[in-house]
Amino acid sequence: SKDFRMDLQISARLLHMMAHLEKGNRTIITYLGKSAQHYFSKDKHAYRLEKTISGFFGKKFSRDMSAKENREAWKELKMITEKLLQNPFEAKILNYIDLSNWLESKIQNRVFAEVVRSRHRTDSAF
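So, here is what we can say about the structure in this document. Because the structure is predicted, anything quoted here is derived from the model rather than measured.

## Looking at the overall build of the chain
Step number 1: Along the backbone of the chain there are 6 helices and 0 strands.
Step number 2: Mapped in sequence order, the helices and strands of the chain form the string α-α-α-α-α-α.
Step number 3: Across the 126 residues that make up the chain, the buried fraction comes to 37%.
Step number 4: Taking all contacts inside the chain whose residues are at least 6 apart in sequence as the whole, residues at least 24 apart take part in 61%.
Step number 5: Per element, the accessible surface of the chain, about 8000 Å² overall, is 54% carbon and sulfur.

Put into structure tokens, the structure is as follows:
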């Protein structure tokens, strides 16, 4: 059924794009971003966050950028997503994707696991 676990299907599409960004496969990001936008435009289950992220990936990260441009794009995406995540319905994606730490790893140009470990240590100190 098309409606079976739409939350997982939506998250899987975003994770697929994130994986290609991680591998540096920017040429496919335009296609995946447009494909996801098309899919989400037909899907009543998709939230603004998923639509925004897939559109952002397709537009901003489909080309090579300087390190400074790259960092600014990640900061812009983080700012946009933080606003959207204030809505509890939009925050549902956080059940499947650690978006905040992933974006922070991109901004700091650090390995995702390092960011998670350092945040975990900081959170445990309190």
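## Looking at the side chain of H20
Step number 1: Note that H20 resides in helix α1 (residues 6-23).
Step number 2: The exposure class of H20 is buried, given its relative accessible area of 16%.
Step number 3: With residues up to four places along the chain from it excluded, the contact list for H20 reads N25, I28, I29 and L32.

## Things to note about the pattern of salt bridges
Step number 1: A full pass over the atoms with the stated rule returns 7 salt bridges.
Step number 2: Among the ionic pairs, K60 bridges to E76, the shortest N-O distance being 3.2 Å. Taken as a pair, K60 in helix α3 (residues 48-60) and E76 in helix α4 (residues 67-84) lie far apart in primary sequence, 16 residues in all.
Step number 3: Judged by its relative accessible area of 32%, K60 is partly exposed.
Step number 4: For E72, the salt bridge is made with K75, and the minimal N-O distance between the two is 3.9 Å. In this pair, E72 and K75 are both assigned in helix α4, 3 residues apart and thus about one turn of the helix distant.

## Some details on helix α2 (residues 26-42)
One turn of an α-helix holds 3.6 residues; hence residues three or four places apart share an orientation.
Step number 1: Between its terminal C-alpha atoms α2 stretches 25 Å, which fits the 24 Å expected from 17 residues at 1.5 Å a residue.
Step number 2: All buried positions along α2 are accounted for by R26, I29, L32, G33, A36, Y39 and F40. Viewed end-on, α2 has its buried residues packed into an arc of 135°, placing them on one side of the element. In α2, the exposed positions that point more than 90 degrees away from the buried face belong to T27, Y31, K34, S41 and K42.

Thresholds applied
Residues numbered from 1 in each chain as written. Predicted model: local features only at pLDDT ≥ 70, side-chain atom pairs only at ≥ 80, totals over all residues. Heavy atoms only, no water. Helix = DSSP H or I, 4+ residues; strand = E, 2+ residues; numbered from the N terminus. Buried < 20%, exposed > 50% of the residue type's maximum accessible area, 1.4 Å probe, protein only. Contact = heavy atoms within 4.5 Å. Areas by Shrake-Rupley, 256 points an atom, 1.4 Å probe, with all protein chains shown as cover. Salt bridge = Lys/Arg side-chain N within 4 Å of Asp/Glu carboxyl O. Expected span 1.5 Å × (residues − 1). Arc of directions from axis to C-beta.

These results come straight from atomic positions and should not be treated as a statement about function.
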